[in-house]
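Descriptive analysis of the structure
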Amino acid sequence: VQLQACGGGLVQAGGSLTLSCVVSGRTFSSSAMGWFRQAPGKEREFVATISAGSGRTAYADSAKGRFTISRENAKNMVFLQMKSLKPEDTASYYCAARSPGSTNISNLRNGYNYWGQGTQVTVSS
């Protein structure tokens, strides 16, 4: 099982980025997915999660109204659209997958079994 995240970069405050994550090596459609982030010197924190069928989503308070998580099961991909970015959004962003059959959303790190390598997002002020 591999998760490959991409789409990070350097953006000015107020700008937008869309992160993508492709999952290979396993059945994707039966797993809820999530995005987490980790800033230097800080714990990895929850950002957003989406259920296996896309019917449910949840966001960290810091992401509500600015970030949108979505997925395309046919392509084994999950996305994180980020708008109105702030310097405090600067972090490495990680996509994560729950185990097969875990279809419900989760905001807990230990709810996820598979992790991507992270993609860096830097927001300048």
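Just so you know, these numbers come straight off a predicted model, no measurement behind them. (Residues numbered from 1 in each chain as written. Predicted model: local features only at pLDDT ≥ 70, side-chain atom pairs only at ≥ 80, totals over all residues. Heavy atoms only, no water.)

Moving on: the sheet that holds strand 8 (residues 77–82). If you walk across this open sheet you meet the four strands as 1-3-8-7, and the pairing is antiparallel. In the strand order of this sheet, the two ends are held by strand 1 (2–6) and strand 7 (67–72), each with one partner. Strand-to-strand twist across the sheet, computed as the mean angle between neighbouring axes with direction ignored, equals 15°. Relative to strand 8, strand 7 runs antiparallel, the two being bridged by six bridges. Looking at the pairing, phenylalanine 67 lines up with methionine 82 of strand 8. (Pairing = 2+ DSSP bridges. Helix = DSSP H or I, 4+ residues; strand = E, 2+ residues; numbered from the N terminus. Axes fitted to C-alpha atoms, helices over the stretch in contact; angles between N-to-C directions.)

Note on placement: arginine 37 falls in strand 4 (residues 33–38). A polar contact of 3.4 Å, which involves the side chain of arginine 37, links it to the side chain of serine 62. Among the polar contacts listed, one links the side chain of arginine 37 to the side chain of tyrosine 93, at a separation of 2.9 Å. Once residues lying within four places of it in the same chain are set aside, the contact partners of arginine 37 are Glu43, Arg44, Glu45, Val47, Ser62, Phe67, Glu88, Asp89, Ala91, Ser92 and Tyr93. (Polar contact = N/O pair within 3.5 Å; in protein donor to acceptor, adjacent residues only side chain to side chain. Contact = heavy atoms within 4.5 Å.)

Applying the stated criterion across every chain yields a total of six salt bridges. The closest approach of N and O atoms between arginine 37 and aspartate 89, which form a salt bridge, is 2.9 Å. You can see arginine 37 sitting in strand 4 and its partner aspartate 89 sitting in the loop between strand 8 and strand 9 (91–97), a full 52 residues away along the chain. The residues arginine 37 and aspartate 89 share a single accessibility class, namely buried. Here aspartate 61 ties to lysine 64 by a salt bridge, and the two come within 3.2 Å at their closest N and O atoms. Each member of the pair, aspartate 61 together with lysine 64, is exposed. Each of the salt bridges in this network shares a partner with another, and the network as a whole consists of Arg37, Glu45, Arg66 and Asp89. (Salt bridge = Lys/Arg side-chain N within 4 Å of Asp/Glu carboxyl O. Buried < 20%, exposed > 50% of the residue type's maximum accessible area, 1.4 Å probe, protein only.)

Once that is clear, we can look at the pairing of strand 11 (residues 119–124). A one-sided burial pattern is seen for strand 11, the buried positions being Thr119, Val121 and Val123 and the unburied ones Gln120, Thr122 and Ser124. Of the strand pairs in this sheet, strand 2 (residues 9–12) and strand 11 are connected by four bridges, and their pairing is parallel. Pairing of glycine 9 across the sheet is with valine 121, part of strand 11.

By the element assignment, glutamate 88 lies in the loop between strand 8 and strand 9. Given the relative accessible area of 54%, glutamate 88 is considered exposed. Taking the C-alpha atoms as reference points, glutamate 88 and valine 123, separated by 35 residues in sequence, lie 7.5 Å from one another.

Summarising the element assignment, cysteine 21 is placed in strand 3 (residues 17–24). Between the C-alpha atom of cysteine 21 and that of glycine 101, which follows or precedes it by 80 residues, the distance is 19 Å.

These figures come from the coordinates and say nothing about function on their own.
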